[in-house]
Amino acid sequence: MRKKIMRFFCFPLVRKTTLPLLTALMLLFTLPVLAFQQQDRTVKGKVTDDNKAPLPSVSVTLRGTNKSVTTDESGNFEITVPAGKAVLQFSAVSFVTKEVSVGSQTTINTTLTLQSKQLSDVVVVGYGKSSKRNITGSITSISNENFNQVVTGSPTQLLQGKVAGLNIARSGDPNKTPSVILRGPSTLRDGANDPFYVIDGVPGANLELVAPTDIVSIDVLKDASSTAIYGARAANGVIIITTRRAKQGQTMLSYNPYVAIETVSNKIDMLSGDELRDYLGKNGQSLISQYNDSGANTNWQDEVMRTGVSHNHNLAFTGSQGNTLYGASINYFDNQGIVKTTSLKRIIARGNLETKFFNDRLRLAFSATNSTAKHRDVDQGALFNNMLTYMPTVKVHRPDGSFTEDLSRGGYLNPVGIIANNLFDNKEENTLLNGLAEVKIVKGLTYTLSISNQKQRIDSNYYNNASSGQAVGANGRAHRGSYENNRQIIESFFNYDKTFGDHNFKLLAGYSWQQDRTGDGFGVTTQNYTNDLLNYNNLAVSNGLVVNNIRFDNNIISTLRLISYYARLNYQFKDRYLFQASLRKDGSSAFGKNNRWGYFPTVSAGWRITQESFMADQKIFDDLKLRAGYGVSGNSLGFDAFTAITRYDASGKFYYNGLYLNGLLPVTNENPDLKWESTAMTNIGLDFAVLKNRITGSIDYYIKNTSDLIFNYQVPNTVYFTSYMTANVGKVKNTGIEVTVTATPVQTKAFNWTTTVNASHNKNEVVSLSNGRFKALDYYPLAYLGGKGQTGNWSQVLVEGQPVGTFSLWHYMGKNDAGTSTFLTKDGKTIASQPSTNDLMIAGNAQPKLLFSWNNTFTYKNFDLNFFLRGVTGNKILNNTLAQLNSPADSKNNNVPKFTLGEAFTDNVAYLTSDRFLEKGDYIRMDNATLGYSIKTKVKTISKLRVYVSGNNIFTITGYRGIDPEINIGGLTPGIDAKNFYPKTRSIIIGANIVF
């Protein structure tokens, strides 16, 4: 064969034609290969966002091939491409994918644009961050430009009405924090319904440590798939606060001041002196002689209230030098309450430093925060009761300058005298030190160690002077107390991020150690001073010769430890299918020896439907993601190290060997099985964006089952030391739906309008209060409000099948022919006298059926306008204030409201707490309106100058007859207005935002 081939090529014709042809064919096939090898080249570049900030982790792909690289932390990339029509595709989470033709370029710098803001914002999750589009749980993130512009020292009030399912009820009191409940009440313990707070990664940090002006964003983790990574403290949700930090290459100095004028927004219409005299005269009555009628028309509400002037100043700077970032801020807040003398003055100083070593492989950070707050208060219970009932017919002072009051009447005291004769001062100092080390071990693997120490010191002081009606005969009574609480936390965890083709894995594994030492201090009360000059400042000058006149606080020093292990897996496939699973193991010294450890698992998944091929041609949805998750989290708030064990306390005295000694008796029973409450939550959600992202939103449905509720149960004294046992027995269920929609109806170069509506519905039910060991009563009476002839009566009950906050009241049947109030008895009779407790009936509940809000932001050139409305519907409020004031026959001794003018003077049961005073709590409130103007200044050193004016609590539409329908909805007895309110304020704020 070989010889034949050789002979073939030996022919002259073949040599002349075939060889050149074969040579040509060989060149035809090899030239492209040679050309490719010779013309391959490297293309470099940088990817940034719209703000020119570098974008790391951007995928740079040669279109039509599997060749791909990723940008580094500085946004730089380098890739080899062939000649010809090469196209690079740039893609990153949260950004619009972009394609760039290479052509002859060797350097390509490009910018990526964010997708829909709601679906692409970075949100903070437990021990990390994530894009909104990639989360599988229910998380709402609010940035500082969307915060409420309010006079407040509490960060939570910035969120009021902004987050679906988050119910925040504020007080007008500058020294009170708002009541916060997320997705309904899930515990039977007062003070244990609050969410768990994390500030800059430090779990359980005190809210006093952060000034609202320093906050950049707040992330609210709602469902268990998001919160369970925090285990036994996360059943009520988690609120993560992120404060201002320096950015690479930026140096900034900012000053944000405001001044506010606050007035009382509403008052109870009480009778004036003339109206009271006229009312008594028409009914043939007169004032009791010892309560002199000096012809006065004293409005006691006006006498104890004022126009409050408050101001806030925040100065902050951030900068960078090489690999080092630094920043500091100082905030001064002076909130003058509308009740005279009440105030909050606070200074918060913060500093932080961050630097990198070893080619950015090691990051070290340190931050320090100190907050010093001075609180001045009054005896609110005594003041608010007396400012309503004290006779308007007398003057504030007698001719000799003393206060007009009759101390023989016990608690009936001159309201102005209550303020002047009693001093309540408290000082709270909080310090937080936090150090962090982050090591990039290998590509994608990072180790983080965080150590923090938080110290809180509370100094409480009060003094009742020699004229005080609250310490009659004491000749001055003083109290001083000083307590310190200390919290130490170590967080040690690994994060691993790896992509294999279409698969992305994120792994978290960590360990946490925490120790809380609380109640370390003492307090003492003494009396009998020579004069009032030193008040509480020197207890040694008192003359408390009688032993009972010197009392020590019965405080408990407690040390509690919490040790945790946790892990989480996040998996993505083709940026389309999302999966997350986590597990946390918590051990706590607070619980019984048989239940030291608890496990909190969660699993969730997401499906980005718009990434599917069958959605490629549709024009409706720009983004559509379905989420579903289930998890278990716990609630261990409100416990100390002695809750589950037998504790002894002083109980009386006994005589022994010539001495009187304190006796010790057990006050709690041991329960080795006591553990935390567990909340299992199922959440199904849908995120969407339509009309080129002009409309975005989310819908969530949840089922929240809380079991092992901790409650005090009656037990026999023959078996146990005391009559009550703290045990895990009950179950509570919350179900609800939340909807949030954000739209941009108008968007032009000069004018923009953005509007957001959110609404949430929650249904609460006490499922069970018994188990095989502990049998509950048919109902548990609650809310013992008292009042004339009503001592021992309750107004709410805890009963299976009803929500927390269920009212139990007498049923009002109207007036009889004599004008006397009548009531329905249990056997169906109508009586014109006070019924018995057997006649109390279920009458509604305090849980709202719907929370809603509407926020609008308009910008026109340099102007910006925002107004915000919110409301509540479906809840009931017991107006016990009006009930107890409505006593016609007592108008000879106490003032009455104008409401009483419509009552017969002979109606001696008009004041009874019945469903006559159970009112609808519905309201719509114009909560805030802010008008701002950004000034274009020619001063080069000023990069931003904006001035604004804002109004808070502008108007309220409601049928409620009390001072304000926004009543505390926390605790076991929500929705009760019982003369213990601090009036809401209406404020005007004038401020500025200045950046240099």
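Above this note sits the structure.
Here the structure is a predicted model, which is why all the values come from computation and not from measurement.

### Remarks on the overall build of the protein chain
If you tally the helices and strands in the protein chain, you get nine helices and 51 strands. Along the three orthogonal principal directions, the C-alpha set of the protein chain runs to about 150 × 70 × 65 Å. Going through the 996 residues of the protein chain one by one, you find that 51% of them count as buried. The long-range share in the protein chain, meaning contacts at least 24 apart out of those at least 6 apart in sequence, stands at 69%. Carbon and sulfur atoms provide 57% of the accessible area of the protein chain, an area that totals close to 45,800 Å².

### A look at the nonpolar core
Ile268, Trp300, Val304, Leu383, Met387 and Leu388 are the most contacted members of the largest nonpolar core, which has 35 residues in total. If you list the elements that add at least two residues to this core, you get helix H5 (273-282), helix H6 (300-304), helix H7 (380-389) and helix H8 (415-420). Among the elements that line this core, the one with the most residues is H7, at five residues. If near-sequence neighbours (up to four positions away) are discounted, leucine 388 is found in contact with Ile268, Met270, Gln301, Thr881, Leu885, Asn895, Lys979 and Phe981.

### Quick look at the sheet that holds strand S40 (residues 811-815)
Read from one edge of the open sheet, three strands run S40-S41-S42, paired in antiparallel fashion. The open sheet has two edge strands with one neighbour each: S40 and strand S42 (830-831). Across two bridges, the pairing between strand S41 (residues 821-824) and S42 is antiparallel. The residue of S42 that forms the bridge with phenylalanine 823 is isoleucine 831.

### Concerning the sheet that holds strand S1 (residues 41-48)
One open sheet accounts for three strands, arranged S4-S1-S7; its pairing is mixed. The open sheet has two edge strands with one neighbour each: strand S4 (76-81) and strand S7 (107-111). For this sheet, the mean inter-axis angle between neighbouring strands, taken without regard to orientation, is 25°. As paired elements, S1 and S4 share six bridges and run antiparallel to each other. Following the sheet pairing, arginine 41 is matched in S4 by valine 81.

### Observations regarding empty space enclosed by the protein
To find leftover empty space, one rolls a probe the size of a water molecule over the atoms. Within the structure shown, the criterion is met by eight cavities of 30 Å³ or more. In this model, the largest cavity occupies a volume close to 180 Å³. As for the largest cavity, its lining consists of 18 residues, of which Asn167, Gly184, Asn762, Pro848 and Leu851 are closest to the centre. Sorting the residues of the lining of the largest cavity by element identifies strand S35 (724-747), strand S36 (751-768) and strand S44 (850-860) as the ones contributing at least two each. Take the lining of the largest cavity: its biggest share by element is three residues, from S36.

### Describing H7
An α-helical segment advances 3.6 residues per turn. Residues three or four places apart therefore align on the same side. For H7, a buried count of eight out of 10 residues is recorded, marking the element as mostly surrounded by other parts of the structure. Three or more residues of H7 are buried, namely Gln380, Ala382, Leu383, Phe384, Asn386, Met387, Leu388 and Thr389. Of the surrounding secondary structure, the elements contacted by the buried residues of H7 are H6, strand S21 (362-377), H8 and helix H9 (880-885).

### Observations regarding the environment of threonine 404
The residue threonine 404 is located in the loop between H7 and H8 in this model. Excluding its chain neighbours within four sequence positions, the residues that come into contact with threonine 404 are Tyr390, Val394, Lys395, Val396, His397, Arg398 and Asn414. Side-chain polar atoms of threonine 404 contact the backbone oxygen of lysine 395, separated by 2.9 Å.

Criteria and cut-off values
- Residues numbered from 1 in each chain as written.
- Predicted model: local features only at pLDDT ≥ 70, side-chain atom pairs only at ≥ 80, totals over all residues.
- Heavy atoms only, no water.
- Helix = DSSP H or I, 4+ residues; strand = E, 2+ residues; numbered from the N terminus.
- Buried < 20%, exposed > 50% of the residue type's maximum accessible area, 1.4 Å probe, protein only.
- Contact = heavy atoms within 4.5 Å.
- Areas by Shrake-Rupley, 256 points an atom, 1.4 Å probe, with all protein chains shown as cover.
- Core = buried A, V, L, I, M, F, W, Y, C linked by side-chain atoms within 4.5 Å.
- Pairing = 2+ DSSP bridges.
- Axes fitted to C-alpha atoms, helices over the stretch in contact; angles between N-to-C directions.
- 1 Å grid on protein atoms, 1.4 Å probe; cavity = no way out; pocket = protein on both sides within 12 Å on 5 of 7 lines; lining within 4 Å.
- Points joined across faces, edges and corners; volume = space filled by probe spheres on them.
- Polar contact = N/O pair within 3.5 Å; in protein donor to acceptor, adjacent residues only side chain to side chain.

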